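Listed below, chain by chain, are the residues.
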Amino acid sequence: MANEMAKAYEAKLVEDGIYESWLSSGFFTPENLPNVTDSTEAFTVVMPPPNVTGVLHLGHALENSLMDAMVRYQRLLGKKALLIPGTDHAALPTQAKVEKLLMADGIKNPRQELGREKLVEKIREFAEQSKSTILSQVKKMGTSADWSRLAYTFDEKRNVAVNELFTRMYNDGLIYRGFRVVNWSVKGQSTSSDDEIETIERASVLYTFKYSKDFPIAISTTRPETKVGDTAVAVHPADDRYTAFIGKTFNVDFAGSKLTIKVIASEEVDPSFGTGALGVTPAHSPIDFGMYEVQKAKQDPIEIIQVIGLDGKMTVEAGQLVAGQTVEKARATVVAWLSGQGLLEDSKDIIQNVGTSDRYGDVIESVPMTQWWLNVNKEIPGRGKTLKDLMRDAVTTGLNGDASQKVSITPERFTKLYLDRVNNLRDWCLSRQIWWGHRIPAWYRGEEIAVGARPEGDGWVQDEDTLDTWFSSGSWTFSTLGWPEKTSDLKNFHPTNWIQMGYEILYLWLMRMILMSSYALNQVPFNNAYMHGLLRDKDGNKFSKSSGNNIDPIEVINEYGCDALRISVLSGNTPGNDSRYYTEKVEAARNLVNKLWNISRFIIGNVGGARHVDVPSNSPINGGETSLTLADRWILARFSETAKKVSSLIDRYDFSLAIEMLRDFTWNDFADWYLEIAKIEGEKGDVLLYILERLLILWHPFAPFVTEEIYKNFNSGMIIVAKWPTVEYELSSEDRSAFDQVCSAVIAIRNYLSEHKTLPKDVESIVMVNAGVLSGMESIIGGLTKVKAIRSGEERPESITPIVVGSAQIFVQLPAVDAASEKARIESGIAEATKFIAAQESKLANADFVARAPEKVIAGERQKLADLQEKLAALQKEHAALVS
RNA sequence: GCGCGCAUAGCUCAGUUGGUUAGAGCGUCACAUUGACAUUGUGAAGGUCCGUGGUUCGAGUCCACGUGCGCGCACCA
């Protein structure tokens, strides 16, 4: 195998082949892993299913890097590691996309022209086709998912789960059909839940007017066009200005409508806003609808008039002046009418927050409709808890106070956000007026309603609506494992152990998964949730099609390799925080991967091929006398420290720091120090191979491809199922300090030469006086500094100013020395040492410090002072010699 | 209005429970290099850790207030 490795790592040439070999190994399926038994601990992660019609973007690259690193790490630990892949039918965006394509093909109104069955079939075809695109791209990321368990939010099995869940919730009285104001997107022609609304600021005008000349109260609104639907005016019950009118009813002629306005009292009215009186439009405002319901409960009802239609135009009920007009047009019409009548008292510009559809972008209209809802405040029969309670318990005490049924969110601050939201949660509107999705399993015949399977008998018609896509996503952790069947998968792999997702879907998804799983299984969906931030471009902007800054991860992979992309998106990325993507980072990661490749190439080429080394043959672990050198002992211990550190960092989900530790060890300790020493000391096959093999394993979760490729040289099977290294070596404090001194000496000599602008080859000789631990290290120090003529001795050469390292004085004989610059060098050294000694002394002179600080800290400070004093003394001696 | 986050080198960011002279990568500058690697090596420069006050023997780290930026929620009549 020696010398067969290419000069540089060419990711492009090997990645696809390696992925194929993983697939054919079967190791993505946990049951196929070596040495697993029924009792082997499982580690399960479900993949947040990418949108079936989407293409891979950098966000996916981050997600796949995160979850695959975690799963590969767990697999290397010997667990039954399972990553369940899947795709999302993404109801609304998918239908919208296909409709758009059809319209481009000349089908102007796809829903009308094709009808339900044909359109759904078109969407299904399209979805199936593009599903394979996104899946192949996920594979390009190296994701080690169990494709034999591939799921789809809209396949038959998931449909069974969704229907079962809906039916159970209906039978428990949690799902109900109710008439109330919903969030309506005119553009999308569908309802949306509160969580799918994004509020934006926009300029608006606040108009103040009276309905008619003889109406006693002026009101303020930004939506005058809706006032044709007003049926009441609400005032604060304690507002003296208006209390006299409460309970009275007025008939007014307003903008072409005859309105009956009742004055009602409501605590919700803010007397200080506008005129302190609120025109109540029950049909087109959730708050006003609330008042409508309160009045109804008080048996003092007010009317409800729908004046905006589902098409966003004013209805016939709005009166002939505005009927048929768009909302915007009607607004202008009503304002014009008001000023014409002299009713307009004031209009002022304000900045207003309005809700928009996060999918369609249009302003959400509130309209009254009968829809399906999930009640989050009702006690679940037999459980004594509401869904809200379950959602709360899951992140605090654990379900039923069971700590093993608790979700820990990383970073923790999101827990508070989650709890705040849970406390303010309102009933969830489940039904959507689109066709691409799980159809609501409700059947109607006249006044009869049946939920679940289609009832026996004729005349039953299924509900036209489909379910909110998050209803099926919410059951993802257990629907993928076979629920509602009592499968062994559910038993073995649920609750899942860990999940990662972007914080932007904390409410939409994480919350729903907790709700669904807690309800259906009395289990949390996962024990740990890792929230990652947004990946932004180098200037901190969001990636988006419209701003043209999109980056295709596949192109990045083709240019730099998948491992480089994975490392670059994970490094510098901390939980919950956004991070930036830029090319230099990928280049740096590519260089790192190549460095690892070249280290391996050098080692394998130099020791006559790779082989597994259980324990270095000259290691003390073998029992016998050790022939390990100081450098060997140091690097073995450093490796053990690194392995330990990396493990605990991944256990803490600190992928970024884990990579940094690995990089530091690989590049600095192993390549720059130890490999250079190994060239000098020679005969390092065992130690080098021992470390290399294990180092590749440590890198594998982050750089799966290059490590698998190099590992082939070891003929030890595949690295994907290798064994995570255990900690074996420790460094004695004597060794540690000795090696530190060797390094310090090397660095000091290099510095000295650099300061004197002298090349190592021009140095005549180096003599180390009072060498201490440095004696015996001459060849290493000489090799690393590239100065051949180096020795230890007791006789100090004449007229040279030495470098001081610890107690040793190192005399570097240069061809020519400028006495003045030498003096300056020594003096600056003295000045620096003096400064720090003063600082140390004052610290130690502080009685409070000595009295209160821990002994360990004080001892450290004393040692520091002693070292500095020793150094200063040596420098002063040299200085005296120089000036004499 | 309520709440959360962030502010550390030119840039992007680390910095665990308070304890060396505050770190990394990239960038910059100087030098080196025919032997694993120019996808390299060696060295250097570069920081009032946003401000003010406090707690402490000791604060980048904890507390309070302030400033700037970002975000969530509510109001949005």
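Everything here concerns the structure above.
A brief look at the structure comes next. (Residues numbered from 1 in each chain as written. Chains lettered and ligands numbered in written order. Predicted model: local features only at pLDDT ≥ 70, side-chain atom pairs only at ≥ 80, totals over all residues. Heavy atoms only, no water.)

### Observations concerning the overall build of chain A
So, point 1. For chain A, the count of helices and strands is 25 helices and 29 strands.
So, point 2. Against the globule reference of 29 Å for 884 residues, chain A gives a C-alpha radius of gyration of 37 Å, more extended than a compact globule.
So, point 3. Seen along its three principal axes, the alpha-carbon backbone of chain A occupies a region of about 115 × 65 × 55 Å.
So, point 4. When each of the 884 residues of chain A is scored for burial, the buried share is 55%.
So, point 5. Contacts spanning at least 24 positions in sequence make up 76% of the contacts within chain A whose residues lie at least 6 apart.
So, point 6. Carbon and sulfur atoms form 49% of the exposed surface of chain A, whose accessible area is close to 38,900 Å². (Helix = DSSP H or I, 4+ residues; strand = E, 2+ residues; numbered from the N terminus. Rg over C-alpha atoms; globule rule 2.2 N^0.38 Å. Buried < 20%, exposed > 50% of the residue type's maximum accessible area, 1.4 Å probe, protein only. Contact = heavy atoms within 4.5 Å. Areas by Shrake-Rupley, 256 points an atom, 1.4 Å probe, with all protein chains shown as cover.)

### With respect to the sheet that holds strand 12 (residues 277-280)
So, point 1. Strand order in the open sheet formed by 4 strands is 10-11-9-12, and the pairing between neighbours is mixed. Each edge of the open sheet is held by one strand with a lone partner, namely strand 10 (249-254) and strand 12. Across the sheet, the axes of successive neighbouring strands diverge by a mean angle of 30°, strand direction being ignored.
So, point 2. Sheet analysis places strand 9 (residues 232-235) next to strand 11 (residues 257-265), joined by 4 bridges and oriented parallel. (Pairing = 2+ DSSP bridges. Axes fitted to C-alpha atoms, helices over the stretch in contact; angles between N-to-C directions.)

### Quick word on the pairing of strand 26 (residues 765-769)
So, point 1. Burial within strand 26 is extensive, with 4 of its 5 residues counted as buried.
So, point 2. Across 5 bridges, the pairing between strand 26 and strand 29 (residues 808-813) is antiparallel. In the strand pairing of strand 29, Ser765 is matched with Gln813.
So, point 3. Alignment of strand 26 against strand 27 (residues 790-793), held across 4 bridges, turns out to be parallel. In the strand pairing of strand 27, Val767 is matched with Arg791.

### Quick word on the environment of Ala323
So, point 1. With respect to the element layout, Ala323 can be found in the loop between helix 6 (286-297) and helix 7 (327-341).
So, point 2. Considering only alpha carbons, one finds Ala323 and Val376, 53 residues apart in sequence, at a separation of 38 Å.
So, point 3. Leave out the neighbours within four places in its chain, and Ala323 touches Met314, Thr315 and Val316.

### Re the nonpolar core
So, point 1. Of all hydrophobic cores here, the largest spans 134 residues; its most connected members are Trp498, Phe655, Phe670, Phe702, Ile781 and Ile810.
So, point 2. Sorting elements by how many residues they give to this core places helix 18 (residues 655-681) first, with 12 residues.
So, point 3. In contact with Phe655, not counting residues within four places along its chain, are Leu66, Ala69, Met70, Trp498, Tyr530, Ile650 and Phe702. (Core = buried A, V, L, I, M, F, W, Y, C linked by side-chain atoms within 4.5 Å.)

### Quick look at the sheet that holds strand 7 (residues 197-209)
So, point 1. With antiparallel pairing, 3 strands are arranged side by side in an open sheet as 8-7-13. Looking along the sheet, the strands with just one partner apiece sit at the ends: strand 8 (219-221) and strand 13 (344-357). The mean inter-strand angle of the sheet, taken between neighbouring strand axes irrespective of direction, is 25°.
So, point 2. Looking at chain direction, strand 7 and strand 8 are connected through 3 bridges and run antiparallel. Of the residues in strand 8, the one forming a bridge with Thr208 is Ser220.

### Looking at unusual backbone geometry
So, point 1. A cis amide bond, omega 10°, links Trp483 with the succeeding residue Pro484.
So, point 2. Along the chain, the position of Pro484 falls in the loop between helix 11 (476-479) and helix 12 (488-493).
So, point 3. Unlike most non-glycine residues, Gln189 shows phi in positive territory, near 50°.
So, point 4. Tracing the backbone through its elements, the reader meets Gln189 in the loop between strand 5 (175-185) and strand 6 (190-192).
So, point 5. In this model, Asn522 sits at a positive phi of 60°, which is unusual for a non-glycine residue.
So, point 6. In this structure Asn522 comes out as partly exposed when scored by relative accessible area, which is 32%.

### Quick word on the pairing of strand 7
Look at any regular strand and the pattern is simple: side chains alternate between the two faces of the sheet.
So, point 1. Pairing of strand 7 with strand 13, which is carried by 13 bridges, proceeds in the antiparallel orientation. Paired with Leu206 across the strands is Lys348, a residue of strand 13.

### Topic: the packing of helix 1 (residues 11-25) against helix 20 (residues 704-711)
So, point 1. The interhelical angle for the contact between helix 1 and helix 20, taken along N-to-C directions, is 80°, at an axis separation of 10 Å. In terms of orientation, helix 1 lies roughly perpendicular with respect to helix 20. Residue-level contacts link Val14, Glu15, Ile18, Tyr19 and Trp22 of helix 1 to Pro704, Phe705, Glu708 and Glu709 of helix 20.
So, point 2. Looking at side-chain class alone, the contact of helix 1 with helix 20 contains 6 nonpolar, no polar and 3 charged residues. (Parallel < 35°, antiparallel > 145°, perpendicular 65-115°, else oblique. Nonpolar A, V, L, I, M, F, W, Y, C, P; charged D, E, K, R; others polar.)

### Section: the environment of Ser266
So, point 1. Along the chain, the position of Ser266 falls in the loop between strand 11 and strand 12.
So, point 2. For the pair Ser266 and Val294, spaced 28 residues apart in sequence, the C-alpha to C-alpha distance is 9.4 Å.
So, point 3. Beyond its immediate chain neighbours, meaning those up to four positions away, Ser266 contacts Ala234, Val235, His236, Pro237 and Met291.

### Notes on the packing of aromatic side chains
So, point 1. Evaluation of the coordinates by the stated rule reveals 32 aromatic pairs.
So, point 2. Judged by centre distance (6.3 Å) and plane angle (50°), the ring pair of Trp22 and Phe28 falls under tilted.
So, point 3. When its relative accessible area of 0% is taken as the criterion, Trp22 is described as buried.
So, point 4. For Phe28, a relative accessible area of 3% corresponds to the buried category.
So, point 5. Taken together, a centroid distance of 5.8 Å and an interplanar angle of 10° make the contact between Phe665 and Phe670 stacked.
So, point 6. Taken together, the ring pairs in this structure connect Phe209, Tyr211, Phe215, Phe250, Phe254 and Trp337 into an aromatic cluster.
So, point 7. The aromatic ring of Trp147 is capped on one face by Lys139, whose charged end is 4.8 Å from the ring centroid.
So, point 8. The ring of Phe602 carries the charged tip of Lys679 above its face, separated from the ring centre by 5.2 Å. (Phe/Tyr/Trp six-rings, centres within 6.5 Å; stacked < 30°, edge-to-face > 60°. Lys NZ or Arg CZ within 6 Å of the ring centre and 35° of its normal.)

### Considering the side chain of Thr386
So, point 1. Take Thr386: it is sitting in the loop between strand 14 (365-374) and helix 8 (387-395).
So, point 2. Beyond its immediate sequence surroundings of up to four residues, Thr386 is in contact with Val376, Asn377, Lys378, Glu379 and Ile380.

### Let's talk about a negative patch on the surface
So, point 1. A cluster of like negative charges, contributed by Glu555, Glu559, Glu584 and Glu587, occupies part of the molecular surface.
So, point 2. For the negative patch, the secondary structure elements donating two or more residues are helix 14 (553-560) and helix 16 (583-606).
So, point 3. In this fold, Glu584 is placed in helix 16. (Patch = residues over 30% accessible without salt bridge, like charges linked within 9 Å, V, L, I, M, F, W, Y side chains within 5 Å. Salt bridge = Lys/Arg side-chain N within 4 Å of Asp/Glu carboxyl O. Lys, Arg positive; Asp, Glu negative; His and termini not counted. Charge placed at Lys NZ, Arg CZ, Asp CG, Glu CD.)

### Looking at helix 17 (residues 630-651)
Note: α-helices contain 3.6 residues per turn, so residues at a spacing of three or four share the same orientation.
So, point 1. In this model, helix 17 (22 residues) spans 32 Å end to end at C-alpha, consistent with the 32 Å of a helix rising 1.5 Å per residue.
So, point 2. Helix 17 sits mainly inside the fold: 16 of its 22 residues count as buried.
So, point 3. In the segment just after helix 17, Tyr653 is the residue with positive phi, at about 65°. (Expected span 1.5 Å × (residues − 1).)

### Here's the deal with the packing of helix 2 (residues 58-76) against helix 15 (residues 562-570)
So, point 1. For the pair helix 2 and helix 15, the least separation of the axes is 9 Å and the interaxial angle reads 95°. Judged by the inter-axis angle, helix 2 sits roughly perpendicular to helix 15. Contacts from Leu58, Ala61, Leu62, Ser65, Leu66, Asp68, Ala69 and Arg72 in helix 2 reach Leu565, Arg566, Val569 and Leu570 in helix 15.
So, point 2. Here the residues of the contact of helix 2 with helix 15 sort into 8 nonpolar, 1 polar and 3 charged.

### Let's talk about the pattern of salt bridges
So, point 1. A full pass over the atoms with the stated rule returns 46 salt bridges.
So, point 2. Residue Arg392 pairs with Asp389 through a salt bridge whose shortest N-O separation is 2.9 Å. A residue pair is termed a helical-turn pair when its members lie 3 or 4 positions apart in one helix, as Arg392 and Asp389 do in helix 8 at 3 residues.
So, point 3. Classification of Arg392 as partly exposed rests on a relative accessible area of 26%.
So, point 4. We note a salt bridge from Arg439 to Glu464, for which the minimum N-O separation is 3.5 Å. With Arg439 in the loop between strand 17 (431-432) and strand 18 (442-445) and Glu464 in the loop between strand 20 (461-462) and strand 21 (466-467), this pair connects stretches of sequence that are 25 residues apart.
So, point 5. For Arg439, a relative accessible area of 26% corresponds to the partly exposed category.
So, point 6. Note on Glu464: relative accessible area 46%, which makes it partly exposed.

Fair warning: the whole summary comes from geometry, so function is off the table for now.
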